[in-house]
Amino acid sequence: MRIAGGYYAVMPNPADGSIWGSIAFRYPGAVIRFDPKTMLSEVYEPPLPGFGVRGADIDSNGVVWASLGSGHLGEFDRRKCKAKLNGAQATGKHCPEGWTLHNLPGPGFAELPQFSVESSYYSWVDQHNTLGLGANVPMATGNLFDGVHALVNGKMVTIRIPYPLGFYTKGFEGRIDDAKAGWKGRGLWVPSGDRTPWHKEGGKGTKPLVVHFQLRPNPLAK
């Protein structure tokens, strides 16, 4: 059957050459895989309590990471699927075992305290250790935290913009300018994606900005 769902995020899988994407802004959302060799697509919906797929990225092992509106960072590993990946039973709900839901930081809702109110918009995977937290570290925009969240060894690490308050990013990218320069030659570039920057600290006339994160090996490193 035809899958009626356009790609929002798009990412090539370095492990097998397939093309993955996210089907965003509908319930519950999904991630989708297209195989150029067979010309077939596969769609996978997150199981509850996860829902609301938004931006996504993939690591070098072919694991997909997606920001979810339910307050989770979703991890999908197709290799864990037990059911047939194509055919009449492959409805999108056929591989709940492929999903792992990681709670994003922050308080929960008054009546749903187990769900973080964090409203992450996009995810990105640092495949090449451009920041220094390790290769294949997934990150999610911390839109209610003035920064970004990184999942490091199973724990969330929040990298926050201290000033100006109201930093609101829509995406990020890593870059290695000089592989021989240690931490000084690499870093994470994060733009302010707020459409109304004058609503943040600084007021009228405030312009968008880009922040360059660099991770020192210790606080006193120069």
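Residues numbered from 1 in each chain as written. Predicted model: local features only at pLDDT ≥ 70, side-chain atom pairs only at ≥ 80, totals over all residues. Heavy atoms only, no water.

A. Inspection of the packing of aromatic side chains at higher detail. What the rule picks out here adds up to ten aromatic pairs. Every member of this aromatic cluster is reached through a ring pair, and the members are Tyr8, Phe25, Tyr121 and Tyr122. (Phe/Tyr/Trp six-rings, centres within 6.5 Å; stacked < 30°, edge-to-face > 60°.)

B. Spotlight on the pattern of salt bridges. Counted according to the given criterion, the structure contains seven salt bridges. For Glu45, the salt bridge identified is with Lys93, shortest N-O distance 2.8 Å. Remark: Lys93 occurs in the loop between β7 (72–76) and β8 (99–103) and Glu45 occurs in the loop between β4 (40–44) and β5 (53–58); sequence separation between them is 48 residues. Look at Lys93 and you get exposed, because its relative accessible area is 60%. If you follow the salt bridges from partner to partner, you end up with Asp16, Arg33, Asp35, Glu42 and Arg78 in one network. (Salt bridge = Lys/Arg side-chain N within 4 Å of Asp/Glu carboxyl O. Helix = DSSP H or I, 4+ residues; strand = E, 2+ residues; numbered from the N terminus. Buried < 20%, exposed > 50% of the residue type's maximum accessible area, 1.4 Å probe, protein only.)

C. Representation of the sheet that holds strand β1 (residues 10–12) in the model. If you walk across this open sheet you meet the four strands as β1-β2-β3-β4, and the pairing is antiparallel. The sheet terminates laterally at β1 and β4, the two strands that pair on one side only. Taken over all neighbouring pairs, the strand axes of this sheet differ in orientation by 20° on average, direction set aside. As paired elements, β1 and strand β2 (residues 19–23) share three bridges and run antiparallel to each other. Counterpart to Val10 in the pairing with β2 is Gly21. (Pairing = 2+ DSSP bridges. Axes fitted to C-alpha atoms, helices over the stretch in contact; angles between N-to-C directions.)

D. Main features of the state of the cysteines. Scanning all chains against the criterion turns up one disulfide. At a sulfur-sulfur separation of 2.1 Å, the disulfide partner of Cys81 is Cys95. Residues Cys81 and Cys95 are joined through a disulfide that is left-handed, its torsion about the S-S bond being -100°. Note that Cys81 is positioned in the loop between β7 and β8 and Cys95 in the loop between β7 and β8, a separation of 14 residues in sequence. Residue Cys95 is classed as buried on the basis of its relative accessible area, which comes to 2%. (Disulfide = S-S within 2.5 Å.)

E. Just a nonpolar patch on the surface, in detail. Together, Tyr27, Leu48 and Phe51 make up a nonpolar patch on the protein surface, roughly 360 Å² of accessible area in all. Mapping Tyr27 onto the fold places it in the loop between β2 and β3 (30–35). (Patch = residues over 30% accessible without salt bridge, like charges linked within 9 Å, V, L, I, M, F, W, Y side chains within 5 Å. Areas by Shrake-Rupley, 256 points an atom, 1.4 Å probe, with all protein chains shown as cover.)

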